[in-house]
Amino acid sequence: MFRRIWHYIYTSLLRSWLKWLLRKTTGTCELQRICSGYKPGAMMTTKAALETNKENVEKQVDEIMKEKEIKPHSDHLFKANLHICLLQITGYNRLYFRVEDLRKEVFNSDNPKHEAMLLKLWDLLMPTVKLESRITKQWGDIGFQGDDPKTDFRGMGLLGLINLLFFSENYTAESRQVLSHANHPKLGYSYAIVGINLTEMAYSLLKSGALKPHFYNSVPGSPELKDFHQFYCYLAYEFDKFWVAEEPESIMHFNQYREKFHNMVKTHLQDPNVSLTLTVACN
């Protein structure tokens, strides 16, 4: 009860007075103190987000400086850092909607572009094996459930396929290594199905806002789709290492280990300095 009373007094009375006092004594507004007191990253952007959140970044920066009576020549660092903050804040929101659009887009076997992506995924993962036909049990070799992979994309739509393909295109050796682990006779799992499941994990973390610290620290500006795909690559590679190290008794325990891995990722994301990027050893 005391905490709630104190919170009310602070937010409704003391905070405004303290901000006014600091403005008078330091000659800087709160945004200036944030942008000069923190290095670029999650801490600075998160605190700046509490002060402003508008779409037109350039215009908003100028309006803020005018409103706060900040002279550009007197505080060069403020304008640059505030610009980064606003790009990251608005960019995160735009990224979510772009990812959501891909998730809602249904895989269409009559769409040549969709089919081309699917066939390219096969070629990248199985370069020495020719696909006998479009509808075939061979798809099971890369972890799809049935003869036609399109049924497996229902939950995550085209987003699931794009993530699988991005991993194979940009980390070909690593994706083949993960596939070989997935085809292990004892510790194996369904590569493509797990990949789609990890796409759902990445999507849910993005939607909840949990990925903000990661993107604020790893992308010096507005995050793009490729940055989301890169995060998926991190999940795919790290989950494989986690699975192999845990040595589950059976794929029947997948949900249990998936949740354990999910909790590990969420714990990492609580660190304000977090940056979850895929790092591979150089040969």
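See the structure printed just above.
For clarity, every value in this text was computed on a predicted model and none was experimentally measured.

**Q** Got a minute to help me understand the pattern of salt bridges in this structure?
**A** Any two side chains of opposite charge can pair, given that their charged atoms come close. If you walk through the whole model with that rule in mind, you get 11 salt bridges. Across the salt bridge formed by Glu-115 and Arg-134, the nearest N and O atoms sit 2.6 Å from each other. Of this pair, Glu-115 sits in helix H6 (residues 112-125) while Arg-134 sits in the loop between H6 and helix H7 (157-170), placing them 19 residues apart in sequence. For the pair formed by Glu-115 and Arg-134, the shared burial category is buried.

**Q** I would appreciate a short explanation of unusual backbone geometry in the present structure.
**A** Trans peptide bonds make up most of the peptide bonds, and negative phi angles are found at most residues other than glycine. You will see that Glu-247, though not glycine, has its phi angle at about 50 degrees, which is positive. Of note, Glu-247 is situated in the loop between helix H11 (225-246) and helix H12 (254-269). The exposed category is assigned to Glu-247, whose relative accessible area is 55%.

**Q** How should H12 be read in this particular structure?
**A** Since the α-helix packs 3.6 residues into each turn, any two residues three or four apart lie on the same face. In this model, H12 (16 residues) spans 22 Å end to end at C-alpha, consistent with the 22 Å of a helix rising 1.5 Å per residue. Residues Phe-254, Tyr-257, Arg-258, Phe-261, His-262, Val-265 and Leu-269 constitute the buried set of H12. Burial along H12 is one-sided: seen end-on, the buried residues are contained in an arc of 140 degrees. Turned more than 90 degrees from where H12 packs its buried face, Gln-256 and Thr-267 sit exposed. Those residues of H12 that are buried lie in contact with helix H9 (191-208), helix H10 (212-218) and H11.

What counts as what
- Residues numbered from 1 in each chain as written.
- Predicted model: local features only at pLDDT ≥ 70, side-chain atom pairs only at ≥ 80, totals over all residues.
- Heavy atoms only, no water.
- Salt bridge = Lys/Arg side-chain N within 4 Å of Asp/Glu carboxyl O.
- Helix = DSSP H or I, 4+ residues; strand = E, 2+ residues; numbered from the N terminus.
- Buried < 20%, exposed > 50% of the residue type's maximum accessible area, 1.4 Å probe, protein only.
- Expected span 1.5 Å × (residues − 1).
- Arc of directions from axis to C-beta.
- Contact = heavy atoms within 4.5 Å.

Read these as layout, nothing more, since geometry by itself doesn't imply function.
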